[in-house]
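Remarks on the overall topology
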Amino acid sequence: MTNHWIDIKNADAILIMGSNAAEHHPISFKWVLEAKSRGAVVMHVDPKFSRTSARSTFHVPLRSGTDIAFLGGMIHHILENGNYFKDYVVHYTNASFIVSDSYGFRNGLFSGYDPRTSSYDRSSWSFAVDAQGRVRRDPSLRHPRCVFQLLREHYTRYSLEKVADITGVSRENLLRVYEAYAATGVPDRAGTILYALGWTQHTVGVQNIRAAAIIQLLLGNIGMAGGGINALRGEPNVQGSTDHTLLYHLVPGYMSMPLADWQTLEDYNRANTPASSDPQSANWWRNKPKYLVSLLKGWFGEHATRESDFGYSMLPKLERGEDYSYLYLFDRMYQGLIRGGFIFGLNPANSVPNSNKVRKALDNLDWLVTMDVHHTETTDNWHRPGVDPAAVKTEVFLLPSAHRLEKEGSVTNSGRWLLWHYAAVKPPGRARSFGEMIVDLGNRVRKLYRSEPGAYPDPILKASWPEGYDADEVARRINGVFTSDKVVNGRRYRKGNLVPGFGALSDDGSTSCLNWLYCGSYTQEEGNKAKRRDPRQTPMQAAIGLYPNWAWCWPLNRRILYNRASVDPQGRPFHPSKAVIAWEEGSWVGDVPDGGWPPLSSGKGKHPFIMTVHGFGQLFGPGRVDGPFPEHYEPVETPVNRHPFSGRLHNPCYKAVTGDLDRLAAPADSRYPIVLTTYNMTEHWCGGGETRNVPNLLEAEPQLYVEMSPELAEEKGIRNGDPVIVESARGRVEAIAMVTVRMRPLRIQGRIVHEIGMPFCFGWTTPGCGDATNRLTPSVGDPNTSIPEFKACLVDVRKADRLEELAR
Ligand SMILES: Nc1nc2c(c(=O)[nH]1)N[C@H]1C(S)=C(S)[C@@H](COP(=O)(O)OP(=O)(O)OC[C@H]3O[C@@H](n4cnc5c(=O)[nH]c(N)nc54)[C@H](O)[C@@H]3O)O[C@H]1N2
Ligand SMILES: Nc1nc2c(c(=O)[nH]1)N[C@H]1C(S)=C(S)[C@@H](COP(=O)(O)OP(=O)(O)OC[C@H]3O[C@@H](n4cnc5c(=O)[nH]c(N)nc54)[C@H](O)[C@@H]3O)O[C@H]1N2
Ligand SMILES: [Mo]
């Protein structure tokens, strides 16, 4: 989230799209309702009517996978009706930048596309520069090659008629949302966008969010109280684990994983440290070498020296273009390329797409170590229905592991707050926390390497590895310490002292830090700030619900990101009664400003979007692999075979795993005419491995069901409560029909398209509840993130004569 939970109450308009916030993020929704009671309009745009819709001002159904068309129409509406916040757009976004002549867009493809590799050479998506190397700008926004005009041109194609044709949303409903939301494009109103999986789990997932960013920048809603783009994160601590890198292509703190073409630290820094010649651009990532060297110090301790490139050579290097996300991992496993592995608190046999294939892939392992609190479809894979356990070679270990209530540590919430959790009870029996198991395992491997050195022992033996696991010690290492005595800002620090903030991190080896974003969370003076529970605030902070002394948030306890965009160039808040920061008597008050420089008008200020090279919010965003402007493309499996205004039906860069079990339906495939979307459920948690073992939750939601409209049910001769079979090109699933007006038939390109919805939390280890919905979903994903397209695929549904799975 750019903002945080409480801040939602400050919004005048709330667009919830791609999330069932009321059911899956009840704390967010508490603040949504607070905003509503203060007069905010709350809009839910979602294929399914849910409890979120019920409490919104209104709900608008749309076809899964068509959000860019919907949002593109909104961009068009904002530009045509002049609803944008002109001063903000001119001063703070790249609307005025002139784009180089090499950039182009034709018939659904941006310039630089190579059909052989299905990827873009992005060099043509650049800006025109002057003789000093500075980007050319036209603040009047009239230049035909300026971003503003190219944006207008791109989205002129998204007329109401075309958008209605794609999304299935009526013109009236489109206008209702557009008008209500565009009304926030004035200085003293703010709108927020709340999204989650309904946006990310698509082959255009990242571009869905880019489209939202464009809208928020046009309306001047970023940096404002009640504004922002707010990802409602999922699993407890998914924010923390992303920050600390559960993703294969990053190292902690959102820095790139080394690639094979960057053999030395110098290569890495050259490729990854952006340069800006504009003195008014903070270009924050220019500091990356300091963060990387401090990270290497954290990993390799005394072995990280300048002479050894701080241990950089010991890091594994990825081949450019190789994908190690789980779609590809399970494919490699299926191909027999992986011999063994560890699975911690994850139930891929249920939660990963095309789970028939995933289950077969697991059979190919020689050994598998699982760590869970229960038996799941993954831990017990070799007992699954229709399989002879004796025929599966895998040796499986199930290590009893502590439940989250049985261990202490920090959890980072969606608002980037670090919150310390204490263990409520000790784990039973011999169960231990993941941390303890990993540290112990690491030490045993180190011991083995010492006694019988294998190939290349260095990364293992030279790692700065603790003797035992201690959450507090890890928190200190994450914050970072000085590795030699040092004076910073006139203060003397001793070796081993905690680093006060990332401004003090250095690339000379004098600091170690496991995550620069968390630097400042644990200090000499205040200790572990994740433990702070102090409600004090100033009246200005109280006016917007900011609690700066409650816990700590990254970066530097800044609660609202890009908050210098909430003030004019003189430092005066655009919205005085909901000011986030203000320049008063020579300093900033309110939230922690993103950079303490004086206001821009002083000539010594910096542009507010400090994480971008130039310092401007990116309407034109050349950083994504699939285009600088979001473009509507159909899901990989789509009920239509024609794009109403382009020659490209699909995202030309989408990721797909190919193999004998990765069958896909053709566009408008007559065998699979129905759109399927999948979702979480209030009463269960994700794959259900935990909640199906909680009797009252299982009693509340005992069985896999399919939500379908009465119109579709009638067409198929299905009644509420009937057993049905849902089939895709990949699998077949039994479920109970839930006939409900919550699902609506949609009019798409002149004909009726039906969409159905299913939860994915049921699995065969719980008798009688049904089995994985993910046997239906495809292994295709977003080209930037490889997140699977769980939210839209094609199926057919028919009445079943006989129950098998559900009767088991
Ligand atoms: N009780 C409970 N709470 C949970 C979870 C749980 O399992 N149970 N899971 C947690 C986790 S890990 C996560 S990631 C979050 C998930 O939180 P959410 O993303 O809110 O949950 P989902 O149910 O997956 O999907 C959200 C909505 O997206 C809609 N949708 C589907 N396709 C589209 C589309 O193409 N466009 C749009 N606009 N909407 C679409 C669905 O109809 C659904 O209403 O919830 C977390 N909270
Ligand atoms: N079709 C479809 N598939 C999806 C999604 C979707 O929307 N549609 N959503 C995706 C998303 S967003 C997510 S996050 C994944 C989730 O997928 P998974 O991570 O596979 O599912 P979970 O059920 O959250 O948990 C996995 C295991 O962790 C165990 N566990 C829970 N708490 C603890 C604990 O405290 N300690 C230990 N040791 N173990 C514990 C549980 O018993 C469970 O077996 O599913 C993804 N899959
Ligand atoms: Mo999730």
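Analysis parameters
- Residues numbered from 1 in each chain as written.
- Chains lettered and ligands numbered in written order.
- Predicted model: local features only at pLDDT ≥ 70, side-chain atom pairs only at ≥ 80, totals over all residues.
- Heavy atoms only, no water.
- Helix = DSSP H or I, 4+ residues; strand = E, 2+ residues; numbered from the N terminus.
- Rg over C-alpha atoms; globule rule 2.2 N^0.38 Å.
- Buried < 20%, exposed > 50% of the residue type's maximum accessible area, 1.4 Å probe, protein only.
- Contact = heavy atoms within 4.5 Å.
- Areas by Shrake-Rupley, 256 points an atom, 1.4 Å probe, with all protein chains shown as cover.
- Lys, Arg positive; Asp, Glu negative; His and termini not counted.
- Charge placed at Lys NZ, Arg CZ, Asp CG, Glu CD.
- Pairing = 2+ DSSP bridges.
- Axes fitted to C-alpha atoms, helices over the stretch in contact; angles between N-to-C directions.
- Near = heavy atom within 4 Å.
- Polar contact = N/O pair within 3.5 Å; in protein donor to acceptor, adjacent residues only side chain to side chain.
- Nonpolar A, V, L, I, M, F, W, Y, C, P; charged D, E, K, R; others polar.
- Domains from an automatic or database assignment.
- UniProt positions renumbered as here; feature names shortened; annotations may be inferred.

Each helix and strand counted, the protein has 22 helices and 35 strands in total. Relative to the 2.2 N^0.38 estimate, which gives 28 Å for 808 residues, the radius of gyration of the protein is 27 Å and therefore close to what a compact globule would have. With the C-alpha coordinates of the protein rotated into their principal frame, the extents come out at 80 × 75 × 55 Å. The buried share of the protein, taken over its 808 residues, is 58%. Look at the contacts in the protein between residues 6 or more apart in sequence, and 71% of them connect residues 24 or more apart. Total accessible area on the protein stands at roughly 32,200 Å², and carbon and sulfur atoms take up 52% of it. Across the protein, the centroid of the 91 positively charged side chains sits 3 Å from that of the 86 negatively charged ones.

Bringing the sheet that holds strand β16 (residues 417-421) into the picture now. The three strands are arranged β15-β16-β23 in an open sheet whose pairing can be described as antiparallel. At either end of the open sheet lies a strand with only one pairing partner, and these are β15 (409-412) and β23 (552-553). As paired elements, β15 and β16 share four bridges and run antiparallel to each other. Bridge assignment links Val 411 to a residue of β16, and that residue is Leu 419.

Pairing is parallel across the open sheet formed by three strands, whose spatial order is β12-β13-β14. Looking at the sheet topology across the chains shown, the edges are occupied by β12 (340-344) and β14 (395-400). Taking the axes of each pair of neighbouring strands and ignoring which way they run, one obtains an average angle of 15° across the sheet. The sheet contact formed by strand β13 (residues 367-372) and β14 spans six bridges and is parallel. Bridged to Val 369 within β14 is Phe 397. Packing against the sheet, helix α17 (residues 434-451) makes contact with β12, β13 and β14, and its axis sits at approximately 150° to β12.

Near ligand 1 lie 30 residues; those nearest to it are Asp 46, Gly 65, Asp 67, His 684 and Cys 686. A distance of 3.2 Å separates a nitrogen atom of ligand 1 from a polar atom in the backbone of Gly 18. His 684 has a polar backbone atom sitting 2.7 Å from a nitrogen atom of ligand 1. For ligand 1, whose unbound accessible area comes to 910 Å², protein coverage reaches 95%. Looking at the shell around ligand 1, the elements that each hand over two or more residues are α1 (21-24), α9 (197-200) and β27 (674-679). A per-class count over the shell around ligand 1 returns ten nonpolar, 14 polar and six charged. The residues that make up the shell around ligand 1 include at least three from each of domain 1 (6-234) and domain 4 (655-807).

All right, on to the site of ligand 2 then. Contacts to ligand 2 come from 27 residues, most closely from Glu 235, Ser 351, Asp 372, Ser 401 and Asn 774. For ligand 2, a nitrogen atom lies 3.0 Å from a polar atom in the backbone of Ala 402. A distance of 2.7 Å is found between a nitrogen atom of ligand 2 and a side-chain nitrogen or oxygen belonging to Asn 774. Protein contact buries 89% of the 910 Å² of open area that ligand 2 shows by itself. Residue composition of the shell around ligand 2, by class: nine nonpolar, 13 polar and five charged. When residues of the shell around ligand 2 are assigned to domains, at least three map to each of domain 3 (326-461) and domain 4 (655-807).

Here the protein is partitioned into domain 1 (6-234), domain 2 (249-319 + 481-518), domain 3 (326-461) and domain 4 (655-807). For domain 1 and domain 2, the distance between their C-alpha centroids amounts to 34 Å.

According to UniProt, the "domain: Molybdopterin dinucleotide-binding" (unreviewed entry) feature falls on residues 675-793. For the annotated span residues 675-793, helix accounts for 11% and strand for 30% of the residues, and the straight-line distance between the end C-alpha atoms is 6 Å.

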